[in-house]
Amino acid sequence: MGNIKIFRWSFMALLAALAFNFRYIFLDFFTGVEYARASFYTSDVLLMIFLLSGIALVLERWTTRDLFAVERYKWLFITLAIFFMFGTLSLIHASSLWLGLYTLLRIGALIFMTLLIAYSIRRKIILLREICIIFVSLAVVQSLIGFLQFSTQSDLGLRYFGESLLSVNTPGVAKIVYAGMTFIRAYGTFPHPNVLGAFLVIGLLATLSLLLRNTIRQSAERIYEMIMYTSSIFIITLGILLSFSRAAWVVFGLITLFFVYKSIKCLLCSDRNITDILIFFTSIILCSIVVQVIIFWPFIASRFAIRVGDAAVSERVTYARIAFDEIRERPLLGVGIGNHVIHGI
């Protein structure tokens, strides 16, 4: 029982820490390159506790039923093992061996963490509902932080919670340009607005998952949950918008189209409760989009003006060409795991 409590609480704390993660850079493998730095995060402590308690828990609760599960998903384990093997072999071509080893260690820990989470969900040690609630809560908080950052055009002084130093004049800060004026994008406490956008999309999916899984019994509970979900959807939608991440917008648009499709399909369904709920929340999403797009349209329109000369475009094209060249030169082992940017330079 003790191992289960440590395992569960370390996992919940780890999820929360992913959104509020203070970073300490302790080693530069290649001076001046962001992706060539070894960093220590506050979540690393929780990850270590989670992995160790997970190992103890698996050893304590392992049964023959788990062996059948391993047999059933053996191709997943084989695929992960092959990936890790090729990652290790790729170190032969690494420009920085230590950077490659550091990256491999990180990836190995994430693979192990993923397998432990899958095991714990399968054994109902951790419930999907609990994970969704945490993601929804964090997404709402991150959206509010992003809104305040965009409103004040500066950071909120949350440096020890992972927030970047933000201002219009700070080099390297992601910005948008409207009417000749520069505005910073919403960051939350993440290193880049695109990361915030991806996190908020996950938060929105978690909100919708809770909605679809929830069984509403009493009218009082129904009203409370309607208010909670409606508020969460509106706030998270606002955060996605202010991240000005085009990729997040595309995924968000696909989610909205899916719900519109399901709502239309459920109109023919006999279960009126599910149909009413789907239609209601699809309407909330659409209303949120319309209201927020009208308010922020000038800024949104500037993101659709994609020019070939833009740094965001030219840099992506350059790195794509470098990647294709690397694949053509070393199709099997590449340039060493974690060494793509260094090799490109």
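Residues numbered from 1 in each chain as written. Predicted model: local features only at pLDDT ≥ 70, side-chain atom pairs only at ≥ 80, totals over all residues. Heavy atoms only, no water.

Participant: Would you explain the environment of L242 in this entry?
Facilitator: Topologically, L242 is positioned in helix α8 (residues 219–243). Since its relative accessible area comes to 0%, L242 is described here as buried. For the pair L242 and F150, spaced 92 residues apart in the sequence, the C-alpha separation amounts to 7.3 Å. Here L242 is in contact with F147, F150, R185, A186 and F296, once residues within four sequence places are set aside. (Helix = DSSP H or I, 4+ residues; strand = E, 2+ residues; numbered from the N terminus. Buried < 20%, exposed > 50% of the residue type's maximum accessible area, 1.4 Å probe, protein only. Contact = heavy atoms within 4.5 Å.)

Participant: Can you walk me through a nonpolar patch on the surface in this structure?
Facilitator: A surface patch of nonpolar side chains, amounting to about 820 Å² of accessible area, comprises W75, I78, I82, M85, F86, L89, I92 and L332. The residue W75 is located in helix α4 (residues 74–89) in this model. Its relative accessible area of 60% is what places W75 among the exposed residues. (Patch = residues over 30% accessible without salt bridge, like charges linked within 9 Å, V, L, I, M, F, W, Y side chains within 5 Å. Areas by Shrake-Rupley, 256 points an atom, 1.4 Å probe, with all protein chains shown as cover. Salt bridge = Lys/Arg side-chain N within 4 Å of Asp/Glu carboxyl O.)

Participant: Before we go on, may I ask you to explain the packing of aromatic side chains in this structure?
Facilitator: Note on aromatic pairs: each is described by the distance of the centres and the angle between the planes. According to the stated counting rule, one finds 11 aromatic pairs in the structure shown. Aromatic side chains F135 and F199 sit 5.7 Å apart centroid to centroid with 50° between the ring planes, which places their arrangement in the tilted category. Of this pair, F135 sits in helix α6 (residues 128–152) while F199 sits in helix α7 (residues 193–213), and the two are 64 residues apart along the sequence. Each member of the pair, F135 as well as F199, is classed as buried. Ring geometry for F150 against F244: centres 5.6 Å apart, planes inclined by 45°, an arrangement best described as tilted. With F150 in helix α6 and F244 in the loop between α8 and α9 (246–266), this residue pair connects regions lying 94 residues apart in the sequence. Grouping residues by exposure puts F150 and F244 together as buried. Grouping aromatic residues by their ring pairs yields a cluster made of F150, F183, F244, W249, F296 and F299. (Phe/Tyr/Trp six-rings, centres within 6.5 Å; stacked < 30°, edge-to-face > 60°.)

Participant: Mind showing me how you'd approach the nonpolar core here?
Facilitator: Side chains of a nonpolar character, in soluble globular proteins, are inclined to be buried together. The biggest cluster of nonpolar side chains holds 59 residues, and the ones touching the most others in it are F50 and I240. Only α1 (2–19), α2 (42–61), α5 (97–122), α6, α7, α8, α9 and α10 (272–304) provide two or more residues apiece to this core. Of all hydrophobic cores here, the second largest spans eight residues; its members include F29, L99, Y102 and V341. (Core = buried A, V, L, I, M, F, W, Y, C linked by side-chain atoms within 4.5 Å.)

Participant: Any chance you could explain the packing of α4 against α5 here in plain terms?
Facilitator: A packed helix pair is summarised by two numbers, namely the angle formed by the two axes and the spacing between the axes. In the contact formed by α4 and α5, the axes pass within 11 Å of each other and the chain directions differ by 170°. Relative to α5, α4 is oriented roughly antiparallel. For the pair α4 and α5, the contacting residues are F77, L80, F83, F84, G87 and T88 in the first and L104, I107, G108, I111 and L115 in the second. Considering only residue class, the contact of α4 with α5 consists of eight nonpolar, three polar and no charged. (Axes fitted to C-alpha atoms, helices over the stretch in contact; angles between N-to-C directions. Parallel < 35°, antiparallel > 145°, perpendicular 65-115°, else oblique. Nonpolar A, V, L, I, M, F, W, Y, C, P; charged D, E, K, R; others polar.)

Participant: I tried to follow the environment of T103 on my own but got confused; where do I start?
Facilitator: Relative to the helices and strands, T103 is located in helix α5. Distance from T103 to G338, taken between C-alpha atoms, is 5.6 Å for residues 235 residues apart in sequence. Beyond its immediate stretch of four places on either side in the chain, T103 contacts I337 and G338.

Participant: How should the pattern of salt bridges be read in this particular structure?
Facilitator: Pairing between side chains becomes possible if they bear opposite charge and their charged atoms approach one another. Tallied over the full model, the rule gives four salt bridges. The salt bridge involving E130 is made with R8; its shortest N-O contact spans 2.9 Å. With E130 in helix α6 and R8 in helix α1, this residue pair connects regions lying 122 residues apart in the sequence. A salt bridge links D28 to R37; the shortest N-O distance between them is 3.1 Å. Taking relative accessible area as the criterion, R37 reaches 24% and is therefore assigned partly exposed.

Participant: What is the right way to look at the packing of α2 against α5 in this model?
Facilitator: Two elements in contact, α2 and α5, have axes whose closest approach is 10 Å; the angle formed by their N-to-C orientations is 50°. Overall, the two elements α2 and α5 adopt an arrangement that is oblique. Remark: the crossing between α2 and α5 carries left-handed chirality. Residues D44, L47, F50, L51, G54, I55, V58 and R61 of α2 form the contact with α5, whose own contacting residues are R106, A109, F112, M113, L116, I117 and Y119. Residues that form the contact of α2 with α5 fall into these classes: 11 nonpolar, one polar and three charged. (Left-handed = near helix turned anticlockwise from the far one by under 90°.)

Participant: Would you explain the pairing of strand β4 (residues 181–184) in this entry?
Facilitator: As a general feature of sheets, a regular strand has side chains that alternate between the two faces. For strand β3 (residues 175–178) and β4, the ladder comprises four bridges, and the chain directions are antiparallel. What sits directly across from Y178, in β4, is M181. Connecting the antiparallel pair β3 and β4 is a turn made up of two residues, with A179 showing a positive phi of about 55°. (Pairing = 2+ DSSP bridges.)

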